[in-house]
Amino acid sequence: MTHNFEGRVVGKSVEKVDAFSLSMGKPLFTDDIPFKNMVHVKMLYSPHAHAKIIEIDTSDAEKYPGVLGVLTYKNASQILHTTAGQGYPEPSVYDTRLFNKKVKYVGDRVAAVAAETTQIAEEALKLINVKYEVLEPIFDWDKSYGNPIVIHDEGEAKYLIPVAYDPDKNLVAHMDAEVGDLSKGFKEADLVVDRTVRNHYAQHCPLEPHVSISYSDEHDRLVIRTATQVPFHARRIVAQVLELPLSKVRVIKPRIGGGFGTKQEITTEIIAAAFTLNTKRPVKFECTRKEEFISTRTRHPMTVRFKAGVKKDGTITAMDMKVLSNTGAYGTHGLTVMSNTGSKTLPLYHCDNIKFIGDTVYTNLPIAGAYRGYGGTQAAFAMEIVIDELSKGIRMDPAEFRLKNHIKPGESSPIFKALGEGGEGHEQTVDSVGLSDCIKLGADAIGWWDREDHKKKYNTDTKKRGFGLACLMQGSAIPYIDMAAAYAKMNDDGSFNLLVGATDIGTGSDTILAQIFAEVLGLDMSDVIVLSSDTDLTPFDKGAYASSTTYLSGQAVLNLANKIKTQLLDYAAKMMSVPASELELGNNKEIIHTKSKKTLSFSDIGTKALYTDQQQQIGAVASELAKKSPPPFCAHFAEVEVDIETGKVTVLRYVAAIDCGTPINPKLVIGQTEGALVNGLGYALSEQFIFDARGKLLNPSFGNYKVMTTTDLPEIETIIVKTYEPSGPFGAKSIGEPNISGPMPCLSNAIHDAIGVRITEPPYTPDRVFTAIQKHQNT
């Protein structure tokens, strides 16, 4: 559905509400506020990938001057939980304790020391004596299922929901779905393409590491100031593990220096809180960059096999996806990331015969978790390679092939219901699809239709040009599970306090929600004072994940603003002695009587309501439950140059055409798009974990883990295709995630176009590409 909405502030690139404070270096972040008598925490990590702790002696560390406490499995909470910040009951396995007698990867927690200084804590760690019984590990996830080596053999781990979980076989989760008749579909095909790809580990690399500061307030309540995407889930899990009443825990989320999924985990909060309870002092637990790499969370490595059939006329007859996901040592997000591989990709193209099988397994490698793209990244890599090869196999242009086959407005996909994307038992149609325009405009911008002439012009004996294309989708919130709420009150000058549980992690959601609120009530942005993410002061919101903030939290704010609009009109009607039906909101913080044209300012209403005339607090609370998950759509195009003598891949130009419904703030949309692209380009080209034979990560630093910088980037162009999503606020839906998923398949397709070599195992480093070229030449 196309409907270009642009309002007074919605659809405008207004300044972010925290722009000035950030530019002036104001103390906004978790660690910016000083606390007297701060206690500092350092962690002892396992040097072994798989081992039992036979003996642990902390007595020397406890005697060290300045040490205030040591936690191990002997004296810390042993309550099973998940660290995944998800709605309750969590769809992640309860297989984690604060400390275990058995360590399951290099970097697993063994002991924590609290001391007067970081230096003292580090010295005390050296005094902890641990004896291990080293066990044989599993590093290859393709060999984990049914392996005689059992990683979680304690026999106590469990899910709170029905899931196929078999720790004796290292199986974390299984899911399968089938619609139509797959074998019939393949028999009808004129061409079948079958590809297996294998993606790799990656770290989120937020500039701000995980950090929590906990303290007791004047009422002896536990307060945790923390860099989190999920303050309400953090409160719940902290209370659960430390066996505290929920009412005794307050979580405050200040400004966050990036999350990308890694701060959807409860990693530092519980440890800091435990020491605060023991010492009655403020406690800080902050990860170093090395700790971010070895002991927080990563992307799930996967093996994805995608097989599809097509007729000569371009009709896709069958699609078969098999996914094996490596969750690492613990199963956080193991089910949901795996299930997303199918639900966030397979509905993109018309097909009557589809099968999906997904399995997640344990290994003795770092813990995977939530990461932007959340399964869609891994599956899109396989699917978009096969889609390219199908089109070329029947001699149809890859762009024309996608134009023919992609889902259209008003259509559905049987996989939505089969994988629960529309909510359990619910069908889902897509009402806003701008993908055709994305493909056409992106193709024009990159010079797609003239690419062969372009390649001939610039190709040399050693350097070859190539063009690639990939299409993507994601979702917006989790239907019938995710809920968001907002509250606002009017002040006597006509301004409003807007309190939202939604979590701004640098995305600009505080600004977006203020725009939606201001649009309804005819306010200036300066009239909206936003406070977000304090479990004592703001209403509930599930947090910053599942691409839900603009779509879901935005709709809650829209509901709220409409409630307050009704209150304002009703109150003004009493003041002006006219029917409310004869009043309307103006664009200058006023209410207008449509017949007499008399006006009443918001400041007059606010003052009278609070002090003099029919006194009341004008304000309201509203919420929204997601009832569908409308996908954003993207078409990515790239031009690359491959040096066949060295294997170096240079990305020359990259175009992303995107459909996010109504762009509430176009500059923030572009920022989200290009930020995801930078992340995705690094993942495709250079980022990788390097392990030794014992499972130890060898490159846990920015010196040896190569992220993209501005000097590495190609020319990037973002094209916003406006559609209107009827279920979203002012027609908006999400855009934060899908663009990270484009570079891996898009560049693989471009490399193949340039040199005829298919790379199915990124990153596309010079050595890997050169080896593939040599292998291709020798076959």
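Heads up: these notes are all about the structure in this document.

1. Comments concerning a negative patch on the surface
- Taken together, the side chains of Glu55, Asp57, Asp60 and Glu62 define an acidic patch exposed on the protein surface.
- Counting only elements with at least two residues in the negative patch, the list comes to β2 (51-57) and α2 (59-63).
- Along the chain, Glu62 falls in helix α2.
- Its relative accessible area of 43% is what places Glu62 among the partly exposed residues.

2. Quick look at the packing of helix α9 (residues 376-393) against helix α18 (residues 743-755)
- Here α9 crosses α18 at 35°, and the two axes come no closer than 8 Å. Note that α9 runs across α18; the crossing there is right-handed. Contacts between α9 and α18 involve Thr377, Ala380, Phe381, Glu384, Ile385, Asp388 and Lys392 on the former and, on the latter, Met744, Pro745, Ser748, Asn749, His752 and Asp753.
- Residues that form the contact of α9 with α18 fall into these classes: 5 nonpolar, 4 polar and 4 charged.

3. Description of the pairing of strand β28 (residues 715-720)
- The pairing of strand β27 (residues 649-659) with β28 spans 6 bridges and is classified as parallel. Paired with Ala657 across the strands is Ile719, a residue of β28.

4. Focus: the sheet that holds strand β15 (residues 354-362)
- On the basis of which strands lie adjacent, the open sheet formed by 5 strands has the order β7-β15-β14-β13-β8 and mixed pairing. Strand pairing shows two members of the sheet lacking a second neighbour, β7 (171-179) and β8 (191-198), which therefore form its edges. Sheet twist, expressed as the average angle between the axes of neighbouring strands with direction ignored, equals 5°.
- Sheet topology places strand β14 (residues 316-328) next to β15; 9 bridges connect them, and they run parallel. Each residue of the ladder has a partner; that of Asn326, found in β15, is Val361.

5. Regarding the pattern of salt bridges
- For the structure shown, the criterion picks out 41 salt bridges.
- Lys102 is the partner of Asp153 in a salt bridge, and the nearest nitrogen-oxygen pair spans 3.1 Å. Here Asp153, found in the loop between β6 (129-134) and β7, pairs with Lys102, found in strand β4 (residues 102-103); they are 51 residues apart in sequence, far enough to count as distant.
- For Asp712, the salt bridge is made with Lys706, and the minimal N-O distance between the two is 3.2 Å.
- Counted as one network, the salt bridges with shared partners bring together Asp217, Arg221, Arg250, Asp534 and Asp536.

6. Regarding the packing of aromatic side chains
- Tallied over the entire structure, the rule returns 15 aromatic pairs.
- An angle of 70° between the planes, with centres 5.5 Å apart, marks the rings of Phe496 and Phe517 as edge-to-face. Linking Phe496 in strand β20 (residues 496-500) with Phe517 in helix α14 (residues 509-521), this pair joins segments that are 21 residues apart in sequence. Exposure class is identical for Phe496 and Phe517. Each is buried.

7. Quick notes on the packing of helix α5 (residues 231-242) against helix α6 (residues 269-279)
- Taken N-terminus to C-terminus, the directions of α5 and α6 make an angle of 50°; their axes are 10 Å apart at the nearest point. Relative to α6, α5 is oriented oblique. Between α5 and α6 the crossing geometry is right-handed. Across the interface between the two elements, Ile237, Val238, Val241 and Leu242 from α5 touch Glu269, Ile270, Ala273, Ala274 and Leu277 from α6.

8. Observations concerning the nonpolar core
- Leu747 and Tyr764 are the most contacted members of the largest nonpolar core, which has 155 residues in total.
- The leading source of residues in this core is α9, at 8 residues.
- For Leu747, the contacting residues outside a window of four places in its chain are Ala638, Val640, Val651, Tyr654, Leu681, Ala684, Leu685 and Tyr764.
- Among the nonpolar cores identified, the runner-up in size contains 46 residues, and Val500, Ile512, Leu513 and Leu568 belong to it.

9. Description of helix α3 (residues 118-125)
- Every buried residue belonging to α3 is among Ala121, Ala124 and Leu125, and all of these are buried. One side of α3 carries all its buried residues, which in axial view fall inside an arc of 105°.
- Contact partners of the buried residues in α3: β1 (39-45), α2, β3 (67-71) and β5 (109-115).

10. Some words on the sheet that holds strand β22 (residues 583-585)
- Here we have 3 strands laid out as an open sheet, ordered β22-β23-β24, and antiparallel in their pairing. The open sheet is flanked by β22 and β24 (599-601), the only strands paired with a single partner. If you compare each strand with its neighbour and ignore which way they point, the axes differ by 25° on average.
- Two elements, β22 and strand β23 (residues 590-593), share 3 bridges in a ladder whose sense is antiparallel. Bridge assignment links Leu585 to a residue of β23, and that residue is Ile591.
- Where helix α15 (residues 549-576) meets the sheet, it contacts β22, β23 and β24, and its direction lies at approximately 135° from that of β22.

Thresholds applied
- Sequence order as written defines residue numbering, which begins from 1 separately in each chain.
- The model is predicted, so local features are restricted to residues of pLDDT at least 70 and side-chain atom pairs to those at 80 or more, both for listing and for counting; the totals for chains, interfaces and linings are taken over all residues.
- To get the side-chain values, take all heavy atoms of the structure and skip hydrogens and water.
- Each patch is built from residues that are more than 30% exposed by relative accessible area and take part in no salt bridge. Like charges join if they lie within 9 Å; nonpolar side chains (Val, Leu, Ile, Met, Phe, Trp, Tyr) join within 5 Å.
- Method for areas: the Shrake-Rupley scheme with a 1.4 Å probe, in which residue coverage is limited to the protein chains shown.
- Every case where a carboxyl oxygen of Asp or Glu lies within 4 Å of a side-chain nitrogen of Lys or Arg is listed as a salt bridge.
- A positive count includes Lys and Arg, and a negative count includes Asp and Glu. His and the chain ends are not counted in either.
- In plain terms, the charge of a residue is placed at NZ if it is Lys, CZ if Arg, CG if Asp and CD if Glu.
- Secondary structure elements follow DSSP: runs of H or I of four or more residues count as helices, runs of E of two or more count as strands, with numbering from the N terminus.
- Burial classes: relative accessible area under 20% of the type maximum marks a residue as buried, over 50% as exposed, and values in between as partly exposed (1.4 Å probe, protein chains only).
- Axis definition: a line fit to C-alpha positions, over the contact stretch in the case of helices; interaxial angles, taken between N-to-C directions, run 0 to 180 degrees.
- Put simply, a crossing is left-handed when the front helix is turned counterclockwise from the back one by less than a right angle, and right-handed when it is turned clockwise.
- Working rule for contacts: check all heavy atoms of both residues, and any pair within 4.5 Å makes them a contact.
- Throughout, the ten residues Ala, Val, Leu, Ile, Met, Phe, Trp, Tyr, Cys and Pro are labelled nonpolar, Asp, Glu, Lys and Arg are labelled charged, and all others, Gly among them, are labelled polar.
- DSSP-based pairing: two strands are paired if at least 2 bridges between them are found.
- Each aromatic pair joins two rings of Phe, Tyr and Trp (for Trp, the six-membered one) with centres within 6.5 Å, and gets the label stacked for planes under 30 degrees apart, edge-to-face for over 60, and tilted for any other angle.
- The cut-offs work like this: below 35 degrees is roughly parallel, past 145 is roughly antiparallel, 65 to 115 is roughly perpendicular, and the gaps in between are oblique.
- By nonpolar core we mean a set of buried residues, namely Ala, Val, Leu, Ile, Met, Phe, Trp, Tyr and Cys, connected to one another through side-chain atoms within 4.5 Å.
- Note that the arc is computed from the directions linking the helix axis to the C-beta atoms.

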